[in-house]
Amino acid sequence: MEYIEVSARTVDDAITEALIKLGATSDQIEYEVIEKGSTGFLGIARKDAVIKVRKKYSVEGDITEFLQKIFAAMDLKVEIIIEKAEDGNTYNVELKGDDMGILIGKRGQTLDSLQYLANLAVNKNSEEYIKVKIDTEDYRKRRKETLENLAKNIAYKVKRTKRPVSLEPMNPFERRVIHSALQNDKFVTTHSEGEEPYRHVVVTLKRDRER
């Protein structure tokens, strides 16, 4: 985050004003005193104190700042809740608001794009790889359940018709869900075909695949 200049009667007053402007606590900022300020003689030639201040870098702050800029441009009011995962390098971001369907988009494409851009933005400033996962209204959980049910239905169809079935193009996460859902099936197997963004899963009988 860039430094901002804040002036007030005293350095302490300037720090207080900076905390309000940045929405931060005293342990979350770093500052440099440019002008200590002076009371002058009988109030004459008084000088305000001037400080240069910014928020200390944090991954959570970086994620929040990036997303807030996007939501401001979209004129959306969104609550951003960030939780650091146990592995230390993954940050789970939950978005809350009145109209989250806009952020989900068709089959989660907008949400995926937002997550992709957030990962790029955060890792630009990080020495080690940081993974940002973004979700809203439990969309990813609901989508996973939908795909697992789809996989079982397609597997049943392949067993019944003895013909392979090609699914619609999916992103890597969705393809993994399909593969995982059917990996222990005794009669069918899965593989991916095609190039992004048209790569898709094909479900076939195991004996056909072996041939």
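This structure is a prediction, so every number in the text was calculated from the model and none was measured.

## Some words on the packing of helix α2 (residues 59–73) against helix α4 (residues 109–123)
Right, on to step 1. At a minimum axis separation of 10 Å, α2 and α4 run at an interaxial angle of 130°. Classified by the angle between their axes, α2 and α4 sit oblique to one another. Remark: the crossing between α2 and α4 carries right-handed chirality. Touching Val-59, Asp-62, Ile-63, Phe-66, Leu-67, Ile-70 and Phe-71 of α2 are Leu-114, Leu-117, Ala-118, Ala-121 and Val-122, all from α4.
Right, on to step 2. Among the residues making up the contact of α2 with α4, the classes are represented as eleven nonpolar, no polar and one charged.

## A short note on the packing of aromatic side chains
Right, on to step 1. Within this structure, the stated rule accounts for zero aromatic pairs.
Right, on to step 2. Sitting over the ring of Tyr-3, Lys-52 keeps its end group 5.0 Å from the ring centre.

## Quick look at the sheet that holds strand β5 (residues 90–96)
Right, on to step 1. In space, the three strands of this open sheet follow the order β4-β5-β6, with mixed pairing throughout. Either end of the sheet is taken by a strand with one partner, and the two such strands are β4 (79–84) and β6 (131–136). On average, each strand axis in the sheet is tilted by 25° relative to the strand beside it, whichever way the strands run.

## Concerning the domain arrangement of the chain
Right, on to step 1. One can read the domain layout of the chain as domain 1 (2–53), domain 2 (57–136) and domain 3 (139–203).
Right, on to step 2. The C-alpha-based centres of domain 1 and domain 2 are spaced at 32 Å.

## What about a nonpolar patch on the surface?
Right, on to step 1. On the surface, a cluster of nonpolar side chains totalling about 320 Å² of accessible area is made up of Tyr-116, Leu-117 and Leu-120.
Right, on to step 2. A relative accessible area of 41% places Leu-117 in the partly exposed class.

## Remarks on the UniProt feature "domain: R3H" (unreviewed entry) in the chain
Right, on to step 1. When the UniProt feature table is mapped onto this chain, "domain: R3H" (unreviewed entry) is found at residues 141–207.
Right, on to step 2. What you have in residues 141–207 is 51% helix and 21% strand, and the ends, taken at the C-alpha atoms, are 33 Å apart.

## Some thoughts on the sheet that holds strand β2 (residues 29–35)
Right, on to step 1. As summarised here, the arrangement of the three strands in space is β1-β3-β2, forming an open sheet in which the pairing is antiparallel. Every interior strand has two partners, whereas the edge strands, β1 (4–8) and β2, have only one. Direction aside, the axes of adjacent strands within the sheet are offset by 30° on average.
Right, on to step 2. The pairing of β1 with strand β3 (residues 49–55) spans five bridges and is antiparallel. Paired with Ser-7 across the strands is Val-50, a residue of β3.
Right, on to step 3. Against the sheet, helix α1 (residues 11–22) contacts β1, β2 and β3, and its axis sits at roughly 135° relative to β1.

Rules and cut-offs
- Residues numbered from 1 in each chain as written.
- Predicted model: local features only at pLDDT ≥ 70, side-chain atom pairs only at ≥ 80, totals over all residues.
- Heavy atoms only, no water.
- Axes fitted to C-alpha atoms, helices over the stretch in contact; angles between N-to-C directions.
- Helix = DSSP H or I, 4+ residues; strand = E, 2+ residues; numbered from the N terminus.
- Parallel < 35°, antiparallel > 145°, perpendicular 65-115°, else oblique.
- Left-handed = near helix turned anticlockwise from the far one by under 90°.
- Contact = heavy atoms within 4.5 Å.
- Nonpolar A, V, L, I, M, F, W, Y, C, P; charged D, E, K, R; others polar.
- Phe/Tyr/Trp six-rings, centres within 6.5 Å; stacked < 30°, edge-to-face > 60°.
- Lys NZ or Arg CZ within 6 Å of the ring centre and 35° of its normal.
- Pairing = 2+ DSSP bridges.
- Domains from an automatic or database assignment.
- Patch = residues over 30% accessible without salt bridge, like charges linked within 9 Å, V, L, I, M, F, W, Y side chains within 5 Å.
- Areas by Shrake-Rupley, 256 points an atom, 1.4 Å probe, with all protein chains shown as cover.
- Salt bridge = Lys/Arg side-chain N within 4 Å of Asp/Glu carboxyl O.
- Buried < 20%, exposed > 50% of the residue type's maximum accessible area, 1.4 Å probe, protein only.
- UniProt positions renumbered as here; feature names shortened; annotations may be inferred.

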